[in-house]
Amino acid sequence: MEQDVLLKNNLLAERNRGYFEARKIMALNFLSSPGSGKTSLLEKTIPMLLAHVPVAVIEGDQQTTNDAERIHALGVPVIQINTGSGCHLDALMVNRAVKEMELKDNSLLCIENVGNLVCPAMFDLGEAKKIVIISTTEGDDKPLKYPAMFHEADICVLNKTDLLPYVDFSVPRCRENAMRVNHHLEWFEVSVKTGEGLDSLAARIKNLAEHR
Ligand code: MG
Ligand code: ZN
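Okay, so let's go over this structure. Since we're looking at a predicted model, the values are computed, not measured. (Residues numbered from 1 in each chain as written. Chains lettered and ligands numbered in written order. Predicted model: local features only at pLDDT ≥ 70, side-chain atom pairs only at ≥ 80, totals over all residues. Heavy atoms only, no water.)

Moving on: the pairing of strand β6 (residues 155–159). With five of its five residues buried, β6 lies for the most part within the structure. Burial along β6 is two-sided: Ile155, Val157 and Asn159 and Cys156 and Leu158, pointing in opposite directions, are all buried. The sheet contact formed by strand β5 (residues 129–135) and β6 spans five bridges and is parallel. Within β6, the residue paired with Ile133 across the bridge is Val157. As judged from the four bridges shared by β6 and strand β7 (residues 186–189), these two strands associate in the parallel manner. Residue pairing across strands places Cys156 opposite Trp187, the latter belonging to β7. Crossover connection from β6 via helix α7 (residues 171–181) to parallel β7: handedness right-handed. (Buried < 20%, exposed > 50% of the residue type's maximum accessible area, 1.4 Å probe, protein only. Helix = DSSP H or I, 4+ residues; strand = E, 2+ residues; numbered from the N terminus. Pairing = 2+ DSSP bridges. Right-handed = clockwise from strand over helix to strand, strands pointing away.)

On to the sheet that holds strand β3 (residues 78–82). Pairing is parallel in the open sheet, where seven strands are placed in the order β3-β2-β4-β1-β5-β6-β7. Here the strands that pair on one side only, and so sit at the sheet edges, are β3 and β7. Ignoring strand direction, the axes of neighbouring strands in this sheet form an average angle of 20°. Alignment of strand β1 (residues 26–32) against β5, held across five bridges, turns out to be parallel. Along β5, the bridge assignment pairs Leu31 with Val132. Here helix α4 (residues 91–100) sits on the sheet and contacts β2 (55–61), β3 and β4 (108–112); the angle it forms with β3, its principal contact strand, is near 145°. (Axes fitted to C-alpha atoms, helices over the stretch in contact; angles between N-to-C directions. Contact = heavy atoms within 4.5 Å.)

Bringing the coordination of the zinc ion (ligand 2) into the picture now. Distances from the zinc ion (ligand 2) to its protein donors, namely Cys87 (SG), His88 (ND1) and Cys119 (SG), fall within the range 2.0 to 2.2 Å. Here the donor residues for the zinc ion (ligand 2) map to a single chain with the spacing C-H-x30-C. Assessed through its relative accessible area of 30%, Cys87 is described here as partly exposed. (Donors = N, O, S within 2.8 Å, 3.2 Å for Na, K, Ca; no water.)

Another aspect to go through is the packing of aromatic side chains. The tally for this structure, following the rule as stated, stands at one aromatic pair. Consider the rings of Tyr19 and Phe20, whose centres lie 6.0 Å apart with planes at 65°: the pair is edge-to-face. For Phe20, a relative accessible area of 2% gives the class buried. (Phe/Tyr/Trp six-rings, centres within 6.5 Å; stacked < 30°, edge-to-face > 60°.)

Of all hydrophobic cores here, the largest spans 27 residues; its most connected members are Leu28, Phe30, Leu41, Val55, Val57, Leu108 and Val157. Those elements that place two or more of their residues in this core are β1, α2 (38–49), β2, β4, β5, β6 and α8 (198–210). When near neighbours in sequence (up to four residues on either side) are disregarded, Leu41 contacts Phe30, Ile133, Val157, Val190, Val192, Leu198 and Leu201. Counting residues in hydrophobic clusters, the runner-up holds 17 residues, among them Phe150, Val171, Cys174 and Trp187. (Core = buried A, V, L, I, M, F, W, Y, C linked by side-chain atoms within 4.5 Å.)

Of the protein atoms, only Thr39 (OG1), Asp67 (OD) and Glu112 (OE) coordinate the magnesium ion (ligand 1), at distances of 2.0 to 2.1 Å. Donor residues binding the magnesium ion (ligand 1) come from one chain and are separated in sequence as T-x27-D-x44-E. Of this pair, Asp67 sits in helix α3 (residues 66–72) while Glu112 is found in strand β4, placing the two residues 45 residues apart along the sequence. Residue class for Glu112 comes out buried when judged on its relative accessible area of 3%.

With that settled, the discussion passes to the layout of surface pockets. By volume, the largest pocket amounts to about 240 Å³. As for the largest pocket, its lining consists of 16 residues, of which Pro34, Gly35, Lys38, Asp61 and Gly115 are closest to the centre. Those elements giving two or more residues to the lining of the largest pocket turn out to be α2, β2 and α3. Ranked by the residues each element gives to the lining of the largest pocket, the list is headed by α2, at three residues. Counted by class, the lining of the largest pocket contains two nonpolar, nine polar and five charged residues. (1 Å grid on protein atoms, 1.4 Å probe; cavity = no way out; pocket = protein on both sides within 12 Å on 5 of 7 lines; lining within 4 Å. Points joined across faces, edges and corners; volume = space filled by probe spheres on them. Nonpolar A, V, L, I, M, F, W, Y, C, P; charged D, E, K, R; others polar.)

The following block contains the structure:
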């Protein structure tokens with residue numbers, strides 16, 4: 001049963017990917033535990049990108065439309081997918097959302113997945129890259145506890161570095177744990193609150209969008 005679900009998902013994800021490639025849309029899948037700051041990261045980073053590339057957002061959330069409203073306030077197209085009891089987005093949800101949106105050619109599509117580090121790792125949405133976000137208020141062993149997610153991810157963003165003086169979190173140990181799971185992982189350290197590190201992350205995303 002589960003294999004069948006994943007197989008169907010993969011086929012549809014490939015169709016999404018073909019569509020994105022044909023229209024030169026850079027699709028990024030943002031993943032994290034609840035509360036790591038995905039929406040805030042998008043809120044702060046998108047305005048830094050808008051001068052260079054049109055941006056649209058798909059917001060995955062189990063119940064509320066709060067995150068979509070925050071993104072909408074930036075003036076970018078956003079569509080909310082409420083998954084209800086579902087704990088991940090799948091390729092069909094993204095396929096339907098994309099059909100409702102008027103995505104521009106040569107644009108950037110940010111997909112904020114449901115806050116969960118487990119099954120979203122298994123569901124390909126057709127994105128070009130997966131960006132996993134962890135924060136310093138979580139354990140620095142998170143990459144070891146959720147290896148599938150860190151193995152699948154292309155970029156890891158450590159958020160809330162402004163809290164480092166107050167929390168028991170070792171950045172070198174976390175990074176080492178992440179690299180042990182996936183030595184290709186690109187590593188960024190940011191504080192969405194103070195803005196520290198966001199320049200380099202935005203530059204990397206801009207670079208991805210330009211080379212789609
Ligand atoms: Mg959110
Ligand atoms: Zn799930």
